[in-house]
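Spelled out, the chains give:
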Amino acid sequence: MKVDKNIEYLIGKKAKLDSFLEPFSPKIIKFLDDLSKLLDNKFNNKNFPDLKALSFFCRKNNILSLKNKHQNKDTIRFGLGLLFHITPSNIPTNFAYSLIFGLITGNSNIVKVPSKKFDEIEIICKSINYVLNKNKHFQIKNMIAVVRYYSHNQIFTKNFSAICDARLIWGGDKTITDIKKFETKAKNIDIPFADRYSISLINSDKFLKLSNHKVKNLIKNFYNDTYSVDQNACSSPHLVLWQGKFTTKAKNKFWLQLDNLVREKYDSPLISTIDNYSKLVSELIKNKNIHSYKSFSKSLYVITLKKIHPKFFIEKTKWGFFYECNIKNLKNINYVSNRSLQTLTYFGFSKKFIKTFFETNNFNGIDRVVPFGQALNINLIWDGYDLTKILSREVEIK
Amino acid sequence: MHFLNNLMNQNAYSLDKTSKSKFFKKYLNFLTTFHYKKSNLYKSYLKGINYSVKKNNNLSDIPFLPVRLFKEFDFLSIKKKEIYKTLLSSGTTSNNLSKIYIDKANALNQIKVLQKIFNNLIGNSRLPMLVIDKQISNIDRNSFNASIAAINGFSIFANEIVYLLDHNNNINYKILNNFLKRNHKKKFLIFGFTSNVYINLIKKIDISKLHIKNLSNAFLIHGGGWKKIEEKKISRNKFNLNLNIKLGIQNIRNYYGLVEQIGSIFFECKCGYFIASNYSDIIIRDENLNISKKGEKGLVQLVSLLPTSYPGHSILTEDIGEIVNDNKCKCYGYGTRFIIHGRLKNAELRGCSNI
């Protein structure tokens, strides 16, 4: 066979992938569990916390609990067939989760990984190949191809689009527009993960009552939600809303402690200096809603806004550039909640309160409401989509 | 501006360090106040950072505009009807272009300064010039992109201009041979973008098709960096050596400048350092935007005395540079010596995009 230098198969080969299974097939669960063990044994080191998280996700117990949560035993479902995943370059392990969701739902998968060579991608692919080469997993071998090519080599995107049953398009608005130009089968389903931004909600008074140890933990969680991915994930908070009586005191404490942690742990390239300062100047020139701002360091800018109002709009930021605002009436979250708002992380409110609050308020945006520290935890329900349902078909029997 | 008139009577590299910093402190403060009064956008910036235009601030405390803001905002310190021409940056992608608005006085000063600097480099007489590009017909004479602006800018020093490339970007050997036949015995100019010079004079050219193979009288000026062919970048030494071996070209000078800042044009001296003229200067800043220690690499801030039609007298670029100790170089005149290490890589690879 002629080898095409423009495309690299990290897993699988150029072949017809048309196997499909029922969701949560025992074969897949076994395969993922084997993968989990391998990742855990081989790479149980601190350099790759995201690999540890991935390994944890693939454990048999985790998948079984997902099965209990998502599977309706009275219905018969099968995977759609072949999925084409276009995965993003901001989070190295994202492609693996996308692939795993495809497998769990019973599909074959062609996964395009970003052209930037992340260590994590190499390690994960090597591990999957190792597990696949065991005889017991031969059927799954026909369900996975992981490919790498530059997006400008459109012929591959064109060909994969023409044969798949669904496309999972990560990578934001621009990627979605680009990919949608390529024709698909009539019945193909596109699942676009568009550009989103996220916010945090803090109860100041509860925050000020925390012990030093708990404050540290909370700050660490916020740090992990943001700085671990350069604040560049859709689910990383960009705006912090403060509620309570003592917001000023709480803000000072929060940002100062975060500043300490950022100085201690965070390393960013020189371009971040330019990005953040340019963003600040641009905001100072055009944003009439600025009350004041603080630049704690090159990697922590906080713009304090006067108020959130019906025409409220912020642009997604990165490298530790935050907006903050007081919010007296929580119903005003409505003003920031448009379709671009993905995740709200909260502290100082009970889950019960949050649940009642969201049940009684129909917000236009917000697909996820999670405690601090869980912003990046990707799951089968993501961006408002229940992937177990969307990526499988139900056989109706009467 | 009145203060420029005195300078125009002097050699372009006449100001020693002490008198230059005094002069620049005075007039950059003046320009900052001037633009504060004339441009509302600029004023919101200075007000936002609590900058006082009433104090006589140190040179290092003069605020700088990040260069990419020229893509986002139309900075103007003149009335719209006073715009004489608009310069556009030559963006490599479909990103927004920088828009720089120039009035007649600024355009004239730009030419005068270029002339002063050029005279120092080449001498006073106009020379034949071979442009390593194709001829571009200017449809809109009032709006120039950076490459056309550069060719036009340098063309005023030529008494004859010939374009090396045809409209398919192929070398036109007939034109080249005719040009060389007429001009090779005396000093002549070759001008092109670094990437074009590399592609055409180092990679593509077929020596066997040349009637005259020794171009030792050529004075080659190139600039603009590697942009689209970053992966092919070779060192300055290698670049110059190749041109020397292949075509016998000995005088090769790189230039550095920003379309966003008129008056900031820096030519290499023989040692390979860029030298700041009386009209502009360079400041290096670290990752926290503080002044870098001498000899350290950092972000390039450029200051120029020329921009009055828009607030571009102090700009933070996205280039990495390094100031070199003066006594390393014995070439002409005073002026800060520096090296440019290239442009910061855009962080888009870490962005939420699919590349």
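Residues numbered from 1 in each chain as written. Chains lettered and ligands numbered in written order. Predicted model: local features only at pLDDT ≥ 70, side-chain atom pairs only at ≥ 80, totals over all residues.

**Quick notes on the overall build of chain B**
Here is the rule we go by: Going along the chain from the N terminus, every DSSP run of H or I of four or more residues is numbered as a helix, and every run of E of two or more is numbered as a strand. Computation of the radius of gyration draws on C-alpha atoms, with the globule rule given as 2.2 Å multiplied by the number of residues to the power 0.38. Counting other C-beta atoms within 10 Å of its own, a residue is labelled buried from 20 upward, exposed at 12 or fewer, and partly exposed in the gap between, with every C-beta atom placed from the backbone. In this description, any two residues whose backbone-derived C-beta atoms lie within 7 Å of each other are considered to be in contact.
For chain B, the count of helices and strands is nine helices and 15 strands. For chain B, whose C-alpha radius of gyration is 21 Å, the value lies close to the compact-globule estimate of 20 Å for 355 residues. Projected onto its principal axes, the C-alpha positions of chain B cover 65 × 50 × 40 Å. Looking at chain B as a whole, 38% of its 355 residues qualify as buried. Long-range contacts, defined here as pairs at least 24 residues apart, represent 71% of the contacts in chain B between residues at least 6 apart.

**Section: the pairing of strand E9 (residues 251-257) of chain B**
On a regular strand, each side chain points to the face opposite its neighbour's, so the side chains alternate between the two faces of the sheet. All names here are of chain B. The cut-off we apply is this: Strands are labelled as partners when DSSP assigns at least two bridges between them. Consider the strands pointing away from the viewer: the crossover is right-handed when the path from the first strand over the helix to the second runs clockwise.
Inspection of the sheet shows strand E8 (residues 218-223) paired to E9 by five bridges, in the parallel sense. Counted as the bridge partner of Leu220 is Ile252 from E9. Running through helix H9 (residues 236-247), the crossover from E8 to the neighbouring parallel element E9 is right-handed. As paired strands, E9 and strand E10 (residues 265-268) are joined by three bridges and run antiparallel to one another.

**What to know about the sheet that holds strand E7 (residues 189-192) of chain A**
Residues and elements named next belong to chain A. Short version of the rule: Angles shown run from 0 to 180 degrees and are taken between the N-to-C directions of axes, each axis being a line fitted to C-alpha atoms and, for helices, limited to the stretch in contact.
Read across the open sheet, the six strands follow the order E1-E5-E4-E3-E6-E7; overall the sheet is mixed. Looking at the sheet topology across the chains shown, the edges are occupied by strand E1 (8-11) and E7. Pairs of neighbouring strands in the sheet enclose a mean axial angle of 20°, with direction left out of account. Note: strand E4 (residues 108-113) against strand E5 (residues 144-148), five bridges, orientation parallel. Looking at E5, one finds that Asn109 is bridged to Ile144. In this fold helix H5 (residues 119-132) packs onto E1, E4 and E5, with an angle of close to 65° to the strand it touches most, E1.

**Comments concerning the domain arrangement of chain A**
Formally: The split of the chain into domains comes from an automatic or database domain assignment.
Parsing chain A into structural domains produces domain 1 (8-194) and domain 2 (197-371). Computed from C-alpha atoms alone, the centre-to-centre distance between domain 1 of chain A and domain 2 of chain A is 32 Å.

**Overview of the interface of chain B and chain A**
Put simply, the rule is: Under the grouping applied here, Gly and all other residues not named as nonpolar or charged are polar, the nonpolar ones being Ala, Val, Leu, Ile, Met, Phe, Trp, Tyr, Cys and Pro and the charged ones Asp, Glu, Lys and Arg.
Contact residues are listed per partner, giving 27 residues for chain B and 31 residues for chain A. Listing elements by their share of the side of chain B that touches chain A, those giving two or more residues are helix H3 (40-48), strand E1 (65-66) and helix H4 (69-72) of chain B. Of all the elements, H3 of chain B adds the most residues to the side of chain B that touches chain A, at four residues. Taken together, the residues of the side of chain B that touches chain A break down into 14 nonpolar, seven polar and six charged.

**Looking at the sheet that holds strand E13 (residues 341-347) of chain A**
All names here are of chain A. Spatially, seven strands are ordered E10-E11-E12-E9-E8-E13-E14 in an open sheet, and the strand pairing comes out mixed. The open sheet has two edge strands, strand E10 (290-297) and strand E14 (368-371), and neither has a second partner. Looking at each pair of strands side by side, their axes are set apart by 20° on average, direction ignored. Pairing of strand E11 (residues 300-305) with strand E12 (residues 321-326) involves four bridges; the strand directions are parallel. From the neighbouring strand, Val302 faces E12, where its bridge partner is Phe322.

**Description of the confidence of the model for chain B**
All names here are of chain B. For the record, the criterion: For every residue, the pLDDT score states the predictor's confidence, bounded by 0 at the bottom and 100 at the top.
On average, chain B scores 89 in pLDDT, and the residues at 70 or more come to 92%. No element of chain B has a lower mean pLDDT than strand E5 (residues 143-145), at 64, and none a higher one than E1, at 98. Segment residues 348-355: pLDDT under 50, and 38 contacts once partners within four positions in sequence are set aside and those in other chains are kept.

**Focus: unusual backbone geometry**
Residues and elements named next belong to chain A. We note that Phe24 has phi near 55°; this positive angle belongs to a residue other than glycine. Tracing the chain through its elements places Phe24 in the loop between E1 and helix H1 (26-42). Judged by C-beta crowding, with 21 C-beta atoms within 10 Å, Phe24 ranks as buried. At Trp319, a residue that is not glycine, the phi angle is positive and equals roughly 60°.

**Observations concerning the nonpolar core**
Quick note on the threshold: One nonpolar core equals one set of buried Ala, Val, Leu, Ile, Met, Phe, Trp, Tyr and Cys residues connected by C-beta atoms within 7 Å.
Within the largest apolar cluster, 183 residues are counted, with the highest numbers of intra-cluster contacts made by Ile28, Leu32, Ile100, Ile110 and Leu241 of chain A together with Leu220 of chain B. Composition of this core by domain shows at least three residues from each of domain 1 (8-194) and domain 2 (197-371) of chain A. Beyond its immediate sequence surroundings of up to four residues, Ile100 of chain A is in contact with Leu32 and Cys58 of chain A.

**What to know about the pairing of E7 of chain A**
All names here are of chain A. Relative to E7, strand E6 (residues 166-169) is paired through four bridges, and the arrangement is parallel. Residue pairing across strands places Ala166 opposite Ile189, the latter belonging to E7. With respect to chirality, the unit in which E6 leads through helix H8 (residues 172-180) into the neighbouring parallel E7 is right-handed.

**Concerning the environment of Ile252 of chain B**
Residue and element names in this part refer to chain B. Assignment of secondary structure puts Ile252 in strand E9. For Ile252, a count of 20 C-beta atoms within 10 Å translates into the label buried. Taking the C-alpha atoms as reference points, Ile252 and Phe191, 61 residues apart in sequence, are found 10.0 Å from one another. In this structure Ile252 touches Leu220, Asn240 and Leu243, once residues within four positions along its chain are discounted.

**Considering the packing of H1 of chain A against helix H2 (residues 49-58) of chain A**
All names here are of chain A. Note the following rule: Any angle between 65 and 115 degrees counts as roughly perpendicular, while under 35 counts as roughly parallel, over 145 as roughly antiparallel, and the rest as oblique. Crossing handedness is read from the near helix: turned anticlockwise from the far helix by less than a right angle, it gives a left-handed crossing, and turned clockwise, a right-handed one.
Here H1 crosses H2 at 150°, and the two axes come no closer than 8 Å. Our classification of the angle between H1 and H2 gives roughly antiparallel. Handedness of the H1/H2 crossing: left-handed. Mapping the contact onto sequence places Leu32, Asp33, Leu35, Ser36, Leu39 and Asp40 in H1 and Leu51, Leu54, Ser55 and Cys58 in H2. Its residues assigned to classes, the contact of H1 with H2 comprises six nonpolar, two polar and two charged.

**Digging into the packing of H1 of chain A against helix H3 (residues 60-70) of chain A**
Residues and elements named next belong to chain A. For the pair H1 and H3, the least separation of the axes is 8 Å and the interaxial angle reads 145°. On the side of H1, the interface is formed by Ile29, Leu32 and Asp33, while H3 contributes Lys60, Ile63 and Leu64. Of the residues in the contact of H1 with H3, the class split is four nonpolar, no polar and two charged.

**Quick notes on the confidence of the model for chain A**
The predicted model of chain A averages 93 in pLDDT, with 98% of residues at 70 or higher. When pLDDT is averaged over each element of chain A, helix H9 (residues 204-208) of chain A comes out on top at 98 and H2 of chain A at the bottom at 89.

**Concerning the environment of Lys186 of chain B**
In this fold, Lys186 of chain B is placed in the loop between helix H7 (173-183) and strand E7 (188-193). For Lys186 of chain B, a count of 9 C-beta atoms within 10 Å puts it in the exposed group.

**Concerning helix H11 (residues 247-265) of chain A**
Residues and elements named next belong to chain A. To be explicit about the condition: To estimate the expected span of a helix, count its residues, drop one, and scale the result by 1.5 Å. What the arc covers is the set of directions going from the helix axis to the C-beta atoms.
Compared with an ideal rise of 1.5 Å per residue, which puts 19 residues at 27 Å, H11 spans 26 Å between its outermost C-alpha atoms and is within 8% of the ideal. Turning to H11, its buried residues number three or more, namely Thr247, Ala250, Lys251, Phe254, Leu258 and Val262. Here the buried residues of H11 occupy an arc of 95° about the axis, which is enough to place them on one side. Opposite the packed face of H11, turned more than 90 degrees from it, sit the exposed residues Thr248, Asn252 and Glu264.

**Notes on the environment of Tyr332 of chain B**
All names here are of chain B. Its location among the elements puts Tyr332 in the loop between strand E14 (314-324) and strand E15 (337-343). Among the residues examined, Tyr332 registers 14 C-beta atoms within 10 Å and is labelled partly exposed. Sequence-wise, Tyr332 and His167 are 165 residues apart; in three dimensions their C-alpha atoms are separated by 40 Å. Sequence-distant contacts of Tyr332, that is, excluding residues within four places in its chain, are made with Tyr13, Asn120 and Cys269.

**Digging into H1 of chain A**
All names here are of chain A. Along its 17 residues, H1 runs 24 Å from first to last C-alpha, staying within 8% of the 24 Å computed at 1.5 Å per residue. Of all the positions in H1, only Ile28, Ile29, Phe31, Leu32, Asp34, Leu35, Ser36 and Leu39 are classed as buried. Each element contacted by the buried residues of H1 is listed here: H2, H3, helix H4 (94-104), H5 and helix H6 (138-141).

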